[in-house]
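# Understanding the architecture of this molecule
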Amino acid sequence: MKNRIIKYAAFLLSLLLIVGNLTFIQPLAVHAATMDNGVTIKAIDENGEEVFGLTAIEIDEGDTAFDVLLEAGEKKDKEIQYDEYDFGNYVTGIGKVLETDTHSWSFNVNGKAADVGASSFEVENGDNVLFALRDLDDFSPEVSISVTATDINDNAIINREVAVATGSSAYDALYQAAAQEDLILDVSVDDTYFTFINNVGETDLGPNEYWNVAVDNEALSTSIADHPVQEGQEVQLQVTTYEPPEDVEEEEETPSEEEAPPAETEDESKTPADKETPAINKKQVQANVDDILSYMDAASIQLTSGSEWWVWGVAHTNREIPDSYVESIEALVKDNEGEFRNLFELEKIIIALSAVGKDATDINGINLIDKLETHSWMEEGDPAINAAIYGLLAIDSAEFAVSEDFRTMLITSILDKELEDGGWSFFGSNPSPDITGMALAALAPYKEDPKVKTAIDRAVTYLAESQDAEGGYDIEFNGGDSSESVSQAIIGLAAVGADPTSPSFTKEGGNLLQHLLKFKQEDGGYSHLLDGGSTDMSTQQALLAFVAYQKLVNGTGSVYQFSAPVEEEPPNEPEQPEDPEDTEKPEADPNQPGTDDEPKDEDPKPEKGDNTSDNGKNNETNEHVKQLENAGDKQTNASGEKLPNTSTNTFNFLASGLVLLLIGGAIFLMWRKRQANESM
C-alpha cells in the first residue's frame, strides 16, 4: 500500500485546480517545490486589509516568528520597524502601517495568540503566522467557526466548534479543531501554493484519495491557509476519490510477436486521443446538447439553489427552468436577508436569476446588485481574479445599472492581473486556459476599449499556442488534459467572436470542439479526464461550451448574457442584405474539422463579433467595435445579430431592381409628356 501511495503521490499532487467553479483542490503528497520545513505568514491592518499577503518562508531549526517576519518583509519589500528590549524585539511597524496610541501589533500562530513574544516563539513546519494591528480596547477579538472532517465512508473524524483570532484562515480553524481532538495534521508548505493537507490524524487514505476542502459548501479557490474565515462559517474537509490514469509503463510494454494484435484491430489498441477525430456539424452540436439533457434526466438532477452552473446552460436550451428554482433562491435570500458571506455564491445566483428572467434588483424587495457592489470583498477595490470575473459577468448578465466606478474597478482588476505573456491564472506565473476563458467571457462586452482589445488578442494567442497536438490543454494542476479546460476555452473564445474550430485551434488531434467530444461518455455526460467517468462539473461546463458555440454561429451574443426574447420584425419588412461572400461560400466538407456553417477557416484571430444579449444589450457600446487583427468582417443586422446564410440576397437584388425600373419608367414617361407639350 505504501509503495502505491508513493507511486501516485506526485500525480495526485497535480489535482490543484479543477474548473467548474474553478476550485482549489487539496492534493495528497509532496509538490516539486515543497519545502523541507516551511511556514506561512501574513500581516493585516486594523481593518483586516492585507499589509502583505500570505507568504511561504523556508525555516531552519530554531528560527523564530520574528525571523520569519523579517524574511517576509524582505521578500515583500516591506520595512519591519521594531524596538529592542531585554525580553526581545517589539514590532512597531510593518511597511507603512505603524502602531498608534490606540492600536498595537498582535502576534498569532495557527489562530491563537502566542504565550510569548515573536522573537521567543520557535516556529515549526506548517505553522501559520498572523501579525494584526489591533485596537487596544479589543486586543484579542475572535470568531466562532465550525469544523467538520469525514473519511471516505462519511465517518466523522472532526465535528466541533472552535474560536480563532479574527483574521485567521480556514487552516487555523482546522488546526485548532484537530488539536482539541488530539489529532496531528500532516501538512506540506509550498513556496507558491502554500499549505497542503496531506492527512488528518491517521486516516487511511487509498492511493487515489485526498482531502478536499470547502467553506460553507463552496470549494476553495485558494489555499486553505489563505482563505480568511468569518463568524459562523463552517470549514469542511472530506476524503475524496480520484481515478488516476492507467500506468504508463504498462501501456508502453511491447508485446511479443505472438501476442501482438493484428493490424485490423487498430481501434481497440488506440487511446481515445489516437482514434480518428469525427467531424462535428450544427446538427451534431444540438444532438450533444440533447444528450446532456438526457443525462440530467437519468441522473434525476433537480434545479435548486446551488445548481447555478446547470441553470446557465439549460436556460439556452428548449427546456424551461422550473419555478421551484426561483422559489428556492427567494427562500435563501429571505433567510439571509440578502447578505451572502460568500461573494461567489451571490455572483452566480445573480447570473442564474438573469437566465430565468428574474430581476435580481428586486428579490422580495432586496436588491442583490446593491449587495454585490457593497460586498466586503469588493470594498478593497482589488478583488481576487475569480471574484472580479464573476462580478463583471453578473452585472452584464442583464441590463443592471451600477456605478461606472464599480464597473471600471472590475475591468481594471482583471486587466491588472493579466500575465506577462497573455492569459490569466488564479495564482503563479503560468496562465490557465480555464481562468483565461472565463476572463475572455467577462471582458468581451468591452473589447472596443484598446486596452481590453490588446489583452483579448494576447489571450486568444495564448489559447491557440498552448493547445497541444491532441487538441486540448495538458495542464499538470488539472491532472492532465481536462475537459473543463477545453470547455472554458471554447466559451471564452466564442464570447469574443473567435471560432474554436478555425485552423488556429485545429491541431493534429482535431479542433477544440472535436476534442471536447472525446470526453463524452455513454450516458451522455462528460468526464474530467479522457479515461474517467461522467461528472456533473465536467458535464455542466460541456453544456455551456456547446451552447456558447451555437450562439457564436447564430450571432446571438455571449452565453452569460440573458434578456427578454427579441420581438420579431414585421414579416413584410425585407431583411438586410448579406455579404456576397457568404452566399458564395461552398458547403463545408463533413469529413473536415469544424461545422457546416462555421466562420471562415482563414480567420485565426477573434472576429468582429457581437457580444450583446438577445435584445441588443450593450449594442450602443459594441455597434462600432473595432475589428480585431485579421478578423473577418461579418454582416450584422440592426440588433447586432449575424444574418442567417440564406438566399435573401437574390430577392433583395430583384426587389431593388424592380423599384429602380419603376422609378426609371416614371421619369421616362414624365420626360416624354414634357417633350410632347413643348412640341405643341
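Residues numbered from 1 in each chain as written. Predicted model: local features only at pLDDT ≥ 70, side-chain atom pairs only at ≥ 80, totals over all residues. Heavy atoms only, no water.

Another point: the packing of aromatic side chains. The full count for this structure, using the stated rule, is 11 aromatic pairs. On the basis of an interplanar angle of 45 degrees and a centroid distance of 6.5 Å, the ring pair of tryptophan 312 and tyrosine 390 is categorised as tilted. Here tyrosine 390 lies in helix H12 (residues 385–396) and tryptophan 312 lies in helix H7 (residues 308–314), a separation of 78 residues in the sequence. Exposure class is identical for tryptophan 312 and tyrosine 390. Each is buried. An aromatic cluster of three or more residues is present, and its members are Trp309, Trp312, Phe344, Trp377, Tyr390 and Tyr560. (Phe/Tyr/Trp six-rings, centres within 6.5 Å; stacked < 30°, edge-to-face > 60°. Helix = DSSP H or I, 4+ residues; strand = E, 2+ residues; numbered from the N terminus. Buried < 20%, exposed > 50% of the residue type's maximum accessible area, 1.4 Å probe, protein only.)

Now for the environment of alanine 179. As for its position among the elements, alanine 179 is in helix H3 (residues 170–180). Take alanine 179: its relative accessible area is 40%, and that puts it in the partly exposed class.

Here the focus is a negative patch on the surface. A contiguous patch of negative charge on the surface is contributed by Asp36, Glu58, Asp60, Glu61, Asp67, Glu71, Glu74, Glu122, Glu124 and Asp191. Per-element accounting of the negative patch gives the leading share, 3 residues, to helix H2 (residues 65–75). Mapping glutamate 124 onto the fold places it in the loop between strand E9 (112–113) and strand E10 (128–135). On the basis of relative accessibility, which here comes to 57%, the residue glutamate 124 falls in the exposed class. (Patch = residues over 30% accessible without salt bridge, like charges linked within 9 Å, V, L, I, M, F, W, Y side chains within 5 Å. Areas by Shrake-Rupley, 256 points an atom, 1.4 Å probe, with all protein chains shown as cover. Salt bridge = Lys/Arg side-chain N within 4 Å of Asp/Glu carboxyl O. Lys, Arg positive; Asp, Glu negative; His and termini not counted. Charge placed at Lys NZ, Arg CZ, Asp CG, Glu CD.)

The next subject is the nonpolar core. Leu368, Ile414, Phe546 and Tyr560 are the most contacted members of the largest nonpolar core, which totals 107 residues. With 10 residues, the top contributor of residues to this core is helix H18 (residues 536–554). In contact with phenylalanine 546, not counting residues within four places along its chain, are Ile280, Val285, Asn288, Val289, Ile292, Leu513, Leu516, Leu517 and Tyr526. (Core = buried A, V, L, I, M, F, W, Y, C linked by side-chain atoms within 4.5 Å. Contact = heavy atoms within 4.5 Å.)

Here we come to the sheet that holds strand E5 (residues 80–85). Spatial ordering of the open sheet is given by E5-E6-E7, a layout of 3 strands whose pairing is antiparallel. The sheet is open, and its two edges are formed by E5 and strand E7 (97–98), each paired on a single side. In terms of strand pairing, strand E6 (residues 88–94) meets E7 through 2 bridges, oriented antiparallel. Bridging across to E7, isoleucine 94 finds its partner in valine 97. Those strands touched by H2 are E5 and E6, and its axis lies near 150 degrees from that of E5. (Pairing = 2+ DSSP bridges. Axes fitted to C-alpha atoms, helices over the stretch in contact; angles between N-to-C directions.)

Without other data, these values stay purely geometric and don't point to any function.
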